[in-house]
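# Results of the structural survey
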Number of protein chains: 2
Amino acid sequence: MASNNEDVKLFGIVESPFVSRVEIALKLKGVEYKYEVEKRGNLSDAVIQYNPVYKKIPVFVHNEKPISESLVILEYIDETWKQNPILPSDPYKKAQTRFWSKFIDESVDALRKVISTIDEKVREKGIEEIEEAFQILENELKDKFFGGDEIGIVDISAVIIAYWLPIIQEAFGFKLFTSHKFPKLYNWSQDFNNHSLVKETLPPRETLLAFYKGVYESVNASK
Amino acid sequence: MASNNEDVKLFGIVESPFVSRVEIALKLKGVEYKYEVEKRGNLSDAVIQYNPVYKKIPVFVHNEKPISESLVILEYIDETWKQNPILPSDPYKKAQTRFWSKFIDESVDALRKVISTIDEKVREKGIEEIEEAFQILENELKDKFFGGDEIGIVDISAVIIAYWLPIIQEAFGFKLFTSHKFPKLYNWSQDFNNHSLVKETLPPRETLLAFYKGVYESVNASK
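Each chain has its residues counted from 1, following the order in which its sequence is written. Whichever chain is written first is A, and whichever ligand is written first is 1; the rest continue in order. In keeping with the predicted nature of the model, local features appear solely for residues at pLDDT of at least 70, side-chain atom pairs appear and are counted solely at 80 or more, and the whole-chain, interface and lining totals rest on all residues. Side-chain measures were taken over the full set of non-hydrogen atoms in the model, leaving aside hydrogen atoms and water.

### Focus on the overall build of chain A
A tally of regular secondary structure across chain A gives 10 helices and four strands. With the radius of gyration taken over C-alpha atoms, the globule rule is written as 2.2 Å times the number of residues to the power 0.38. A globule of 223 residues ought to have a C-alpha radius of gyration of about 17 Å, and chain A, at 17 Å, matches this closely. Dimensions of chain A along its principal axes, counting C-alpha atoms only, are 50 × 40 × 30 Å. For the exposure calls, accessible area comes from a 1.4 Å probe over protein chains only, and a residue counts as buried if that area is under 20% of its type's maximum, exposed if over 50%, partly exposed in between. Counting every position in chain A, which comprises 223 residues, the buried fraction comes to 53%. For chain A, the accessible area works out to roughly 10500 Å², and carbon and sulfur atoms hold 50% of it. Only four residue types enter the charge count: Lys and Arg as positive, Asp and Glu as negative, with His and the chain ends excluded. In this description, the location of a charge corresponds to atom NZ of lysine, CZ of arginine, CG of aspartate or CD of glutamate. Taking the 29 positively charged and 35 negatively charged side chains of chain A as two groups, their mean positions are separated by 2 Å. Labels follow the DSSP assignment, with helices taken as runs of H or I lasting at least four residues and strands as runs of E lasting at least two, numbered in each case from the N terminus. Per-residue and other accessible areas were derived by the Shrake-Rupley procedure at a 1.4 Å probe size, with only the shown protein chains allowed to occlude residues.

So, in structure tokens, the structure goes:
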């Protein structure tokens, strides 16, 4: 399912789960794209020009038209390439997937706070908040994937939980997401990470681990 | 354009700009609905049951199916009642409106910080952040409305800027949004607030002013 006469580019950084979301969606759709590797802290003029508001990645460019914000990009991809839908067509079910994608983004905000603070209390409160959110997701998960039998936008949004979080918690030395605490969510994460098309887009574990060990050092160096 | 055989309910609080978003969309669509008035700080069992994750309003219920989160509700309304679209049909233009609605929600978060802090520095920094965002919106506004000639989802999302903010800044005694600083945005706010269908959904100015004076007192009482 090649995309002929289409110019599809993704500007990203390998360590970004938000870029990973876009890559997974493109892979599931079978859309060919060119990955433009950016440098953290020194983004190219192209990214600044394509995303002048936030000046950040991912930036998705389809036939010279740029789109930013990963969830916005995912919806665009689903509306543009109809094969293997990642959102349901029913408006009510669609609303539910948007609700849960937003919910996951809020957990990501909490996680961001946890890994950027040196205040033990703030970290603990953040972890508690994430655990409450995960309990809600654990109860919500009814099928193999949040999307049912197939991977959908909620699963893709949650790649940070499935793949990034176990690595982040190893680098930071906390145990938030375990098979004991969240058995259904844990099984889901295994199925998701091992899905053949997802697997080939995920960055190497060792690269991410090294990166997040660096983040840990840099945050805690100021202690 | 009555909605026959439809059971449409909106659970809300008159002071909430997020509830106002939903009301405006329904009014523009000509969809009849029942407004269920909630009490701040003492939400009904119905709301808790319909929105167990956040336990907050607005909650929109269509034929017994509940939806939460105002932007999610707006997209559902647009997909369910096709007349007078509030999102463009073109996927790229649609992506742009989603980007800007999200951008406005981030300004709302900044405004929330500004009005809930007693720390002068935090307030000033928040105001600066909002002013930067407004300058971006000022530059973005090309037509009468963000939606073009007609009101769209970005305009509706920005009701908090058009109608709430002038009242909030009067209650709090700061001058962030003025015709001098943001002439295009200011004119837009007048056109928006005076649109006949919008006008009839907006709560009375005096009610909001009294409410936000109360918020100001309560925040600053702890000084």
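### Some thoughts on the pairing of strand E4 (residues 65-68) of chain A
Bridge count for strand E3 (residues 59-62) of chain A against E4(A) is four bridges, and the pairing is antiparallel. By the bridge assignment, A:His62 is partnered in E4(A) with A:Lys65. Strand pairing follows a simple DSSP-based rule, namely that at least 2 bridges must link the two strands.

### Some thoughts on the interface of chain A and chain B
Any two residues whose heavy atoms approach within 4.5 Å are treated as being in contact. The partner chain B presents 25 residues to the 25 residues of chain A that form the contact. Summed over the three residues of chain A that lose the most area to chain B, namely A:Tyr92, A:Arg98 and A:Phe99, the buried surface amounts to 26% of that side. A side-chain nitrogen of Lys or Arg and a carboxyl oxygen of Asp or Glu constitute a salt bridge if their distance falls within 4 Å. Summed over the shared surface of chain A and chain B, the number is eight salt bridges. Here B:Glu79 ties to A:Lys94 by a salt bridge, and the two come within 3.9 Å at their closest N and O atoms. Definition of a polar contact: a pair of N or O atoms within 3.5 Å, with one able to donate and the other able to accept a hydrogen when the atoms are protein atoms, and with sequence-neighbouring residues admitted only if both atoms are side-chain atoms. Where chain A meets chain B, there are 10 residue pairs in polar contact (both at pLDDT 80 or more). Within the residue set of the side of chain A that touches chain B, elements represented by two or more residues are E4, helix H3 (70-80) and helix H4 (91-116) of chain A. Accessible-area loss on putting two parts together, using a 1.4 Å probe and summing over both, is the definition of buried area adopted here.

### Remarks on the relation of the copies chain A and chain B
The second copy of the chain is related to the first by a rotation about an axis and a shift along the axis. Superposing chain A onto chain B takes a rotation of 180° combined with a translation of 0.0 Å along the rotation axis, leaving an RMSD of 0.0 Å. With respect to symmetry, the two chain copies, as superposed, fit the operation of a two-fold axis. When C-alpha distances to the rotation axis are compared across chain A, the minimum falls at A:Lys102, with a value of 5.4 Å. Mapped onto chain B, 100% of the interface residues of chain A again fall at the interface, so both copies present the same surface. Only residues with pLDDT of at least 70 in both copies contribute their C-alpha atoms to the least-squares superposition of the copies.

### Some words on the UniProt feature "domain: GST N-terminal" (unreviewed entry) in chain A
UniProt positions are given in the numbering used here, feature names are shortened, and annotations may be inferred rather than shown by experiment. Per the UniProt record, "domain: GST N-terminal" (unreviewed entry) is annotated on residues 6-85 of chain A. In residues 6-85 of chain A, the share of helix is 38% and the share of strand is 21%. The end C-alpha atoms are 19 Å apart.

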